[in-house]
Amino acid sequence: MNKIKISFIVFLIICIILPVLFTLKQMGYFYYKPKIEIKNSVEEPGAKTLRVVADYDFAPYSFYDKDGNVTGLNVELVNEIANRLNMKTQFMFADWPSCKKMIQRGEADIILSLEIFSDINGVVKTIATGDDELVVFGKKRINNLASLYDKKVALMANSIIKRIYDFNCEYVEFYTNSEILEAVAEGKVDYGICHGAVARKIVESKQYDVVPSMSVMHSFPAIGVREDKEELRDMINEVLIHLNVEGVTKNLQQKWITNYTYKRSLLEVLMFESRFYTLYTFFFLFAIAVMGITYGLISQKDREFKSNLKIQNELKKKIEILNSVAGVYNTMHVINIRDNTVVEVSASDHVKQYVNKDTDAVEQMRFVMRNTVVAEDVEMALNFTDLATIAQKMKNKDTLLAEFRGTEIGWFCAQFIAVERDEFGNLIEVMFTTQCIDEMKKEKERLLKLSAYDELTRLYNRHSYTAKLDELKQNNNRNATIAVIDINQLKTVNDTYGHAAGDELIRGVASIISKVFGPIGTCYRIGGDEFVVLIENEVSDIKSYEQQMRTLVSQWSGTNSLTMSISCGIASASEIPNFAITKYNELIKLADTRMYEDKTQFYKNNGIDRRGSK
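Everything numeric in this text was worked out from a predicted model, so none of it was measured.

Rules behind the numbers
- Residues numbered from 1 in each chain as written.
- Predicted model: local features only at pLDDT ≥ 70, side-chain atom pairs only at ≥ 80, totals over all residues.
- Heavy atoms only, no water.
- Pairing = 2+ DSSP bridges.
- Helix = DSSP H or I, 4+ residues; strand = E, 2+ residues; numbered from the N terminus.
- Axes fitted to C-alpha atoms, helices over the stretch in contact; angles between N-to-C directions.
- Contact = heavy atoms within 4.5 Å.
- Core = buried A, V, L, I, M, F, W, Y, C linked by side-chain atoms within 4.5 Å.
- Buried < 20%, exposed > 50% of the residue type's maximum accessible area, 1.4 Å probe, protein only.
- Expected span 1.5 Å × (residues − 1).
- Arc of directions from axis to C-beta.

A. Layout of the sheet that holds strand β19 (residues 481-487). Read across the open sheet, the four strands follow the order β20-β21-β19-β22; overall the sheet is antiparallel. The sheet terminates laterally at β20 (522-525) and β22 (566-572), the two strands that pair on one side only. Ignoring which end each strand starts from, the neighbouring axes of this sheet average 15° apart. In the sheet, β20 pairs with strand β21 (residues 530-535) via four bridges, with the strands oriented antiparallel. Across the sheet, residue Y524 finds its bridge partner in β21, namely V532. Here helix α17 (residues 462-474) sits on the sheet in contact with β20 and β21, set at roughly 30° to β21. In this fold helix α19 (residues 499-517) packs onto β19, β20, β21 and β22, with an angle of close to 10° to the strand it touches most, β21.

Below you can see the structure in the form of structure tokens.
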């Protein structure tokens, strides 16, 4: 009992320490101010110079440090890119409107932090270099975007938000995040929409009395390259892909965004993480209650264990057990382990013919198992019913069961039930029962088969996909990769060549997906033309699998439909900062976004009006 008390005290101390550590972490006590570690190391006289222009008011991506040196995530990233391309770097910082003019006038080769969704005339974009959010900042928090109705809302000039969202508010445009936050702090506008990581550093450095609220949308910064330097764009993309695979991009994101940006006051932590503290308080109180109940039960069990139970109560217990299971089982036998004897309570004629009452319990059990169990299961049945080891197997158990196939009744469940133990808990008597479960087994297998697979492709269906996703969340899988695949123009194929051609196309895509991704993941068809691949373990060369799939797609030819085209988006948990079970929806959304970008590019390249085409 003393060990149990000590265990409970240690548990209570841990429960108190955990929220304290969590709070200190959220306040930034375990983080350090990052410094530029990746520097441009190219010194060859003939090396080309990469001219870079960036917004000086865009910490932690690009800004001046206290000594006036350029610094930030994008500075380190470009240094690494230039080193791998054997180029020198020349950084030029200005406000954002000036940056755009400089790249258009040819004064710079690349411009940093250009949104994937934004456009600058004469500039093409690389793949995304990171992931951020556009967040609403204000004097007070809002719970939904409808709160912006009839308010003055500040945002960046020519922001995509103004084009795609109509919040029924008055938009006021500014050229820097600092100007937006200053306008909010001075009451010139009601709210401002800024880049989350950038705005938090500005609020922290300038001590603005504003707080973050809801996320409006995800932001995906990229590198803009002059369109007359598309070869440079391709070279940068190739380096970025390698940096993603090697984890360099992820490490920089962790260093500059996660560790450096999210520092909050105690009040902010308590307000922003109120849900955590509420749930933790309920958990703590629940744990205390469970511990108290458990301690009481253990104490009671301890007293019961030390007291001698009367023989009359033990006999009564045996009778109650026998009465409660009468009529449920095909056979029932009470076996005395110490005396090696067996008493028949009930048995079928099929079993009775193999019972030799002149032998002991061990031999009777072996003979019955050999003659009533199918050959393939005999060895397992003999091991399970070995009375010489049953006491050890049931040392801390009240029941022990297994399933076997019988020669006459099909599947049956064999079960040992503890009936009597001595004062030290050692087994004296058990009840051995068998129960036919053949029909239940067949029905279960039939239902599982119907519920798990897609009839047309024989891939797993949406039901299986949802169940697997829940399993990954419960296991807190942090290495998952999701591939979302969509058949291009399936509706057009169905309308033009008939549903037989469409079905042939669906089966063809399913076959290719299964062939490529089957060895490393699980493939699902979750809709008419929609497929998903769930990969539980981290795959470093996932792009090679995607390329293999695209090659097989381009080579495919059917009887009713001659060609095949797909759109694909792949996302890995490693791309999501602070990935946890609560961010699985973000992972799926990222894969979906990339798939739709791929689909959009397909229709654009082929000059197809996407309306009415899927």
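That shown, we press on.
B. Here's a closer look at the nonpolar core. The biggest cluster of nonpolar side chains holds 62 residues, and the ones touching the most others in it are L50, I81, I110, L181, L232 and I236. Sorting elements by how many residues they give to this core places helix α2 (residues 73-84) first, with six residues. Residues within four places of L232 in sequence aside, it is in contact with L50, L85, M87, D109, I110 and V225. Within the second largest apolar cluster, 29 residues are counted, among which are I487, A501, L505 and I513.

C. Quick look at α2. With twelve residues, α2 should cover 16 Å at 1.5 Å per step; its first-to-last C-alpha distance of 17 Å lies within 8% of that length. Counted residue by residue, α2 has ten buried out of twelve residues, so it is predominantly covered. Residues of α2 that are buried: L73, N74, V75, E76, L77, V78, N79, E80, I81 and A82. Within two residues after α2, N86 carries a phi angle of roughly 55°, on the positive side.

D. Broad picture of unusual backbone geometry. In this chain, A59 is followed by P60 through a cis amide linkage whose omega measures 10°. On the secondary structure map, P60 appears in the loop between β2 (57-58) and β3 (62-64). Phi angles above zero are rare outside glycine, and Q207 is one such case at about 55°. Within the secondary structure, Q207 sits in the loop between α6 (196-206) and β12 (211-219). Residue Q207 is classed as exposed on the basis of its relative accessible area of 65%. With phi around 65°, R458 is a residue other than glycine that occupies positive phi space. With respect to the helices and strands, the residue R458 is situated in the loop between α16 (438-452) and α17. Under the relative-accessibility criterion, R458 is labelled partly exposed at 44%.

E. Spatial organisation of helix α3 (residues 96-104). Along α3, the positions that sit buried rather than exposed are W96, C99, M102 and I103. Buried residues of α3, viewed axially, fall in a sector of 115°; they line one side. Buried positions along α3 lie against β1 (49-55), β5 (88-94), β6 (110-115), β7 (123-125), β9 (152-156) and β13 (221-226). Immediately beyond the C-terminal end of α3, within one or two residues, lies G106, with a positive phi of roughly 85°.

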